[in-house]
Amino acid sequence: MLTVQLDDETERQLADILAYEQTDRSELVRQLIRERWLSLQAGKSILERRGGLPRHPLQDAPPDLSERENRKQAISEYLRQRQR
């Protein structure tokens, strides 16, 4: 439950927005929060939006792991080792 105290002018502005948008207070607040949150996310890089750098990078990985066949082989080997 959220309780907000507004001054008279802001209360009138809210009433105008609600009438124009034809929605209720709760829905309007949800929309405003979502829009604000998305605008904050837009300023972040893709790396920041995804949570930053990996905590456990592949430090001992071979240098050619960026090639698909090498990755597939490394993953297969990892899964085989894990199943033992």
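- Looking at an unreviewed UniProt entry, one finds the protein chain named Gsl1574 protein, with Gloeobacter violaceus as its source organism.

Re the pattern of salt bridges
- Applying the stated criterion across every chain yields a total of 4 salt bridges.
- Its salt-bridge partner being R30, residue E27 comes within 3.0 Å of it at the nearest N-O pair. Note that E27 and R30 are positioned in helix α2 (residues 25-42) at a spacing of 3 residues, about one turn of the helix.
- The partner of R80 in a salt bridge is E77, with the nearest N and O atoms 2.7 Å apart.

Regarding the environment of I17
- By the secondary structure assignment, I17 is in helix α1 (residues 8-21).
- Residue classification places I17 among the partly exposed positions, given a relative accessible area of 40%.
- Spatially, the C-alpha atoms of I17 and E27 are 12 Å apart, while their sequence positions differ by 10 residues.

Focus: the environment of T3
- Looking at the element boundaries, T3 is found in the segment before α1.
- Separated by 24 residues in the primary sequence, T3 and E27 place their C-alpha atoms 15 Å from one another.

A short note on the packing of α1 against α2
- Put simply, α1 and α2 touch, their axes get as near as 10 Å, and they point 95 degrees apart. Judged by the inter-axis angle, α1 sits roughly perpendicular to α2. On the side of α1, the interface is formed by E11, L14, I17, L18 and E21, while α2 contributes R25, L28 and Q31.
- For the contact of α1 with α2, the residue count by class is 4 nonpolar, 1 polar and 3 charged.

Points about unusual backbone geometry
- A positive phi angle, near 55 degrees, is found at Q22, a position not held by glycine.
- Here Q22 is to be found in the loop between α1 and α2.

About the cut-offs
Residues numbered from 1 in each chain as written. Predicted model: local features only at pLDDT ≥ 70, side-chain atom pairs only at ≥ 80, totals over all residues. Heavy atoms only, no water. Salt bridge = Lys/Arg side-chain N within 4 Å of Asp/Glu carboxyl O. Helix = DSSP H or I, 4+ residues; strand = E, 2+ residues; numbered from the N terminus. Buried < 20%, exposed > 50% of the residue type's maximum accessible area, 1.4 Å probe, protein only. Axes fitted to C-alpha atoms, helices over the stretch in contact; angles between N-to-C directions. Parallel < 35°, antiparallel > 145°, perpendicular 65-115°, else oblique. Contact = heavy atoms within 4.5 Å. Nonpolar A, V, L, I, M, F, W, Y, C, P; charged D, E, K, R; others polar.

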